[in-house]
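Here is how the chains run, residue by residue.
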Amino acid sequence: MTIATRLPLEASRANFSVKDEIRDYWTSRAETFDLSFGHKIRTDAELLAWASLFRRHGRIADGARVLELASGTGEITRVLARIGCDIDAIDLCEAMIERARRKHPETRVRFHLGDAENTMMADNAYDAVVCRHLVWTLVDPVAAFADWWRVLKPGGRLVIADGDWVSTTALSRLLVTLSRTLDRLRGNRPLWDQAAHERIMAQVHFRQGLKARELHLMLADAGFTDMQLDTLSSVRRRQWQAASWSERLRLVAGYGGRTFLLSATKPST
C-alpha cells in the first residue's frame, strides 16, 4: 500500500489543482456520461434542432473550420459533422476522447487532448468556436475568452450553449427531490459524485451560477460584438419528447429555463 492510499482523501489531494479535480471528475463520468439527461442527443429531431442553432448563430456551413471545446463523448461533434464541418475537438480527459473517437471514425474530425482555457491552436484559424456545458466550469474565463478570440478568424463566431446550474427556488428543489425519489423507486443510481461536483463548483469562477447577462458583459470586454441570445426552446421541446417522467420533472424545475445559447463575433477590423 502506498502512502497516498493510506492518507485521508483530502490529504492525498493536497497538491491537486482545480484542473486536476475537474479532469478526475469528468474522467470518472465518461463511462456513464451519455446516460445523463441533456448530454446525449437522443433523437434525430434533437440533433437537427442543434444543427439549426449552430448554422444560424455560428453562421456555419458545409466545409467551415470549427474548433469544438470540451468535446466530451462527441455529441456536439455529431451535430457539427452532420453540417459538414472540418472539426478540431479538444477535451481535457482521455476517457472522453476515447469514447468520442468510437463515434467519429471520419477523417474530418481530429481529437486533441488539451485545456479549453488554453487551446494551443493557431491564431486566426477557425470560422467558429463552439462549446456546450463548458463555460460554467471555467477557472479563468477572462484568459479563456482571450484565447478563443485569438484562434478565431476575423469575422468568426463564438457559440456558447450553457446554463445556470446553481440557482434554485423552493419549487425547483421540491421537483428535483421528486425526480430523485422516482429514480430511487426505479432502482436508478446517481450517475455522478455529488460531493466532487460541489467541491469543484466551489472553486470555479461562476460558483454563484452562470448568468447570460454576466457572460454577455465579459465577452464584450474581451472585444466580441454582435451578440445574440437564444433560449434553446427548440432543443428543449425535442428533449421533452424523449425524456422520462423523472427527467421531465427536472426540466420543469428549471433546467430548461436556466439554459441558453449566446453567440458573438470577432470583428473583422
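Residues numbered from 1 in each chain as written. Predicted model: local features only at pLDDT ≥ 70, side-chain atom pairs only at ≥ 80, totals over all residues. Heavy atoms only, no water.

A look at the side chain of His39
For His39, the position within the fold is in the loop between α3 (18-29) and α4 (44-58). For His39, a relative accessible area of 12% corresponds to the buried category. Leave out the neighbours within four places in its chain, and His39 touches Arg29, Phe33, Glu75, Arg132 and His133. (Helix = DSSP H or I, 4+ residues; strand = E, 2+ residues; numbered from the N terminus. Buried < 20%, exposed > 50% of the residue type's maximum accessible area, 1.4 Å probe, protein only. Contact = heavy atoms within 4.5 Å.)

Description of the nonpolar core
Core analysis: the largest hydrophobic core is formed by 42 residues, its most contacted members being Val135, Trp148, Leu215 and Leu219. Looking at this core, the elements with two or more residues in it are α3, β1 (65-69), β4 (126-132), α7 (141-151), β5 (152-163), α9 (194-201), α10 (212-221) and β7 (259-265). If we ignore the near neighbours within four places in the chain, the residues touching Leu219 are Phe145, Leu158, Ile160, Phe224, Met227, Leu262 and Ala264. Among the nonpolar cores identified, the runner-up in size contains 28 residues, and Ile41, Trp50, Ile76 and Ala100 belong to it. (Core = buried A, V, L, I, M, F, W, Y, C linked by side-chain atoms within 4.5 Å.)

Focus: the pattern of salt bridges
Tallied over the entire structure, the rule returns 22 salt bridges. Across the pair Asp20 and Arg23 runs a salt bridge, and its minimum N-O distance is 3.1 Å. Of this pair, Asp20 and Arg23 both sit in helix α3, 3 residues apart, roughly one helical turn. Given the relative accessible area of 31%, Arg23 is considered partly exposed. For Asp44, the salt bridge is made with Arg82, and the minimal N-O distance between the two is 2.6 Å. Of the two residues, Asp44 sits in helix α4 while Arg82 sits in helix α5 (residues 75-83), which places them 38 residues apart along the sequence. Among the residues examined, Arg82 registers a relative accessible area of 42% and is labelled partly exposed. (Salt bridge = Lys/Arg side-chain N within 4 Å of Asp/Glu carboxyl O.)

Quick word on unusual backbone geometry
Of note, Asn124 is a non-glycine position whose phi angle comes to about 50°, a positive value. Here Asn124 shows up in the loop between β3 (109-113) and β4. Backbone geometry places His133, a non-glycine residue, at a positive phi of 55°.

Notes on the side chain of Glu75
Among the secondary structure elements, Glu75 is positioned in helix α5. Of note is the side chain of Glu75, whose polar atom sits 2.8 Å from the side chain of Arg78. (Polar contact = N/O pair within 3.5 Å; in protein donor to acceptor, adjacent residues only side chain to side chain.)

Some points on the packing of aromatic side chains
The tally for this structure, following the rule as stated, stands at 6 aromatic pairs. A centroid spacing of 5.8 Å and a plane angle of 80° characterise the contact between Trp26 and Phe33, whose relative ring orientation is edge-to-face. A residue is classified by how much of its surface remains accessible, and Phe33, at 9% relative accessible area, is buried. Their ring planes at 85° and their centres at 5.4 Å tell us that Trp149 and Phe224 sit as a pair that is edge-to-face. (Phe/Tyr/Trp six-rings, centres within 6.5 Å; stacked < 30°, edge-to-face > 60°.)

Describing the confidence of the model for the chain
For the chain, mean pLDDT is 89; residues scoring 70 or higher make up 93% of the total. Within the model, the stretch residues 1-12 combines pLDDT values under 50 with 4 contacts to residues more than four positions away or in other chains. (pLDDT = per-residue confidence, 0-100.)

Here's the deal with the environment of Lys40
Residue position: Lys40 is located in the loop between α3 and α4. A residue is classified by how much of its surface remains accessible, and Lys40, at 28% relative accessible area, is partly exposed. For the pair Lys40 and Phe224, spaced 184 residues apart in sequence, the C-alpha separation works out to 30 Å.

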